[in-house]
Amino acid sequence: MLVWQSTNLCNLRCRHCFIAERPKTDLDTAGVRAVFENVARGLDPSQVRVAISGGEATIRRDLPEIVRHIGDLGFAEVGLASNGFLLGQHREMLDALVESGLVSLNVSLDGPAEYHNALRRHPKAYDSAMVAILHALRAHRDALDTTVTVSVSPGNFKTYPQVLDLAEQLGIRYAKIVSVMPYGDGAKNSDLGLSDEQLVQLLEDVAARREAFLAERTPLLVSMTCDGFLGRFEGASRSGLFNCPAGSSVAAILQDGRLSACAQLTQAFSVAGDLRTQPFDVLWRDGFRPFRDRRWLRKGPCERCEEWRYCQGGSLHDRSEEGELLRCHALRVRDAMEARREPRERSVGSEPGSTPRAISRTARGEASAARPARSAPRGSSPPRRRR
């Protein structure tokens, strides 16, 4: 997949946005066309899907023209992720995009309305998104695959199921669930982060909904997105085992023409080069080698972790500029499950002669350090920064 981060600019100021700064560095229409032509020369475009994101892509007046150009170059399909605000205010905009070749639309919907508007800091954000969704479903159901993404935080933890119920009633077939990522504005608003117990409850709910889908009790498929490796919930809350696709099966054209491993990565090491001056095939071949051999990430808590063979360091969203682990959902899941057991074990431990079995995160680390461990692989180092 190729993501085009069409702009850093947006018409909303969402409290959880991963973009911290918004300099106006967007390519003009000719620049965007040239960059996609560069990519099309370096691969077989018929094998590549293009996903357009932002910022908010619909603030670009040339968006229908660019969608058409991407299709004319032979890319497999073009999809759009949007907050739905302008698409709801100006329904003819969606009509033009579909006519230009858009085949999928993902709209952010965090509802109910009061929460959605507060999170996105606009009193008409929810109504506009709903108008966009309804217009897509009514006017373009056969031509457009319409889905929703729900950001779950403590503020809508008890009410996000209402969004999923609404999606099912509307005939939407797929909904993505994401927890707030702790960078950009999301890092500034710590009240948006789920507790470990809330995370586990969310994963249990998603797993139950997926089981219902597989049993044909609901037509709505719900899935966690690329938050990171989820430990015991892998395979239950999403299809297969998580593998961060950044730089291996996914790349992103940034708003200024640089090529990144993923549009949502903010680290300098994620940029391979500049598509305005460098050929795509060279950047793709050489620029993302550290993303395809991630042994350099096996340090700190990951060095002796038994789940490394599955997660390979988890999502790069959760890494610092130096590759240090900032958060680990698998560890959070283990901590929450352990905390659930502790009351029972404390009760057992209060009996004469009994020994509590629960151990803390620190104790686990000490126990792991005491065990002989496989040495970390050699010969791999953090990627160099690219300008």
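Residue positions are counted from 1 within each chain, in the order its sequence is given. In keeping with the predicted nature of the model, local features appear solely for residues at pLDDT of at least 70, side-chain atom pairs appear and are counted solely at 80 or more, and the whole-chain, interface and lining totals rest on all residues. Side-chain calculation: all heavy atoms of the structure are included, whereas hydrogens and water are not.

In this description a helix means any DSSP run of H or I spanning at least four residues, a strand means any run of E spanning at least two, and both kinds are numbered starting from the N terminus. What the protein contains, in helices and strands, is 14 helices and ten strands. Taken across its 387 residues, the protein has 51% of its residues classed as buried. For each residue, the accessible area found with a 1.4 Å probe, counting protein chains only, is set against the maximum for its type, and the residue is called buried under 20%, exposed over 50%, and partly exposed in between.

The subject of this paragraph is unusual backbone geometry. For the peptide bond that leads from glycine 54 to glycine 55, omega is 20°, which places it in the cis range. One non-glycine residue, glutamine 312, lies in the positive phi region at around 50°. Locating glutamine 312 in the fold gives a position in the loop between helix H12 (308-311) and helix H13 (329-349). By relative accessible area, which is 29% here, glutamine 312 ends up partly exposed.

Our focus in this paragraph is the nonpolar core. Ranked by internal contacts, the top residues of the largest apolar core, which has 84 residues, are Phe36, Ile52, Phe75, Leu80, Ile177, Leu202 and Ile253. Considering each element in turn, this core owes the most residues, seven residues, to helix H6 (residues 125-139). Any two residues having at least one pair of non-hydrogen atoms within 4.5 Å are treated as being in contact. Not counting the four nearest positions on each side in its chain, leucine 202 is found in contact with Val152, Phe157, Tyr160, Ile177, Leu194 and Met224. Throughout, nonpolar core names a set of buried Ala, Val, Leu, Ile, Met, Phe, Trp, Tyr and Cys residues whose side chains join them through atoms within 4.5 Å.

Okay, the pattern of salt bridges next. Salt bridges are defined as contacts in which a side-chain nitrogen from Lys or Arg sits within 4 Å of a carboxyl oxygen from Asp or Glu. All chains considered together, the criterion is met by 18 salt bridges. A salt bridge links arginine 15 to aspartate 191, with the shortest nitrogen-to-oxygen separation between them at 2.9 Å. With arginine 15 in the loop between strand E1 (2-5) and helix H1 (29-42) and aspartate 191 in the loop between helix H8 (185-188) and helix H9 (196-214), the pair connects residues that are 176 residues apart, well separated along the chain. The shortest N-O distance in the salt bridge between aspartate 293 and arginine 295 comes to 2.7 Å.

A few words on the confidence of the model for the protein. How sure the predictor is of each residue is captured by pLDDT, a score from 0 to 100. Mean pLDDT for the protein: 88, with 88% of residues reaching 70 or above. Across residues 350-382, confidence stays below pLDDT 50; counting only partners more than four residues off in sequence or on other chains, it has 35 contacts.

This part covers H6. Owing to its 3.6 residues per turn, the α-helix aligns residues three or four sequence positions apart on the same side. In this scheme, a helix's expected span is set at 1.5 Å multiplied by one less than its residue total. Over its 15 residues, H6 runs 21 Å from end to end, which matches the ideal 21 Å to within 8%, given 1.5 Å per residue. Looking only at H6, the buried set comprises Ala125, Tyr126, Ser128, Ala129, Met130, Ala132, Ile133, His135, Ala136 and Leu137. Buried residues belonging to H6 abut helix H3 (85-89), helix H4 (91-100), strand E4 (102-108), helix H5 (113-120), strand E5 (145-152) and helix H7 (160-170).

Buried residues of H5: Tyr115, His116, Asn117, Leu119 and Arg120, and no others. Turning to H5, the residues buried within the fold contact E4 and H6. Positive backbone phi, at 60°, marks arginine 121, one or two positions downstream of H5.

Following the sequence through the fold, aspartate 286 ends up in helix H10 (residues 280-286). Note: C-alpha distance between aspartate 286 and alanine 272 (14 residues apart in sequence) is 8.1 Å. Residues adjacent in sequence count toward polar contacts only when both atoms are side-chain atoms; beyond that, a polar contact is any pair of N or O atoms within 3.5 Å, and within protein one must be able to donate a hydrogen and the other to accept it. A polar side-chain atom of aspartate 286 sits 2.9 Å from a polar atom in the side chain of arginine 285.

Looking at the secondary structure, you find lysine 124 in the loop between H5 and H6. Distance from lysine 124 to glycine 88, taken between C-alpha atoms, is 9.9 Å for residues 36 residues apart in sequence. In contact with lysine 124, other than residues within four places in its own chain, are Phe85 and Asn117.

The next subject is the pairing of E4. Burial of E4 is extensive: six of the seven residues sit out of reach of the surface. Between any two strands, pairing holds if DSSP finds at least two bridges. Looking at chain direction, strand E3 (residues 77-82) and E4 are connected through five bridges and run parallel. Residue pairing in the sheet places glycine 79 in a bridge with serine 104 of E4. Looking at chain direction, E4 and E5 are connected through five bridges and run parallel. Bridge assignment links valine 107 to a residue of E5, and that residue is valine 148.

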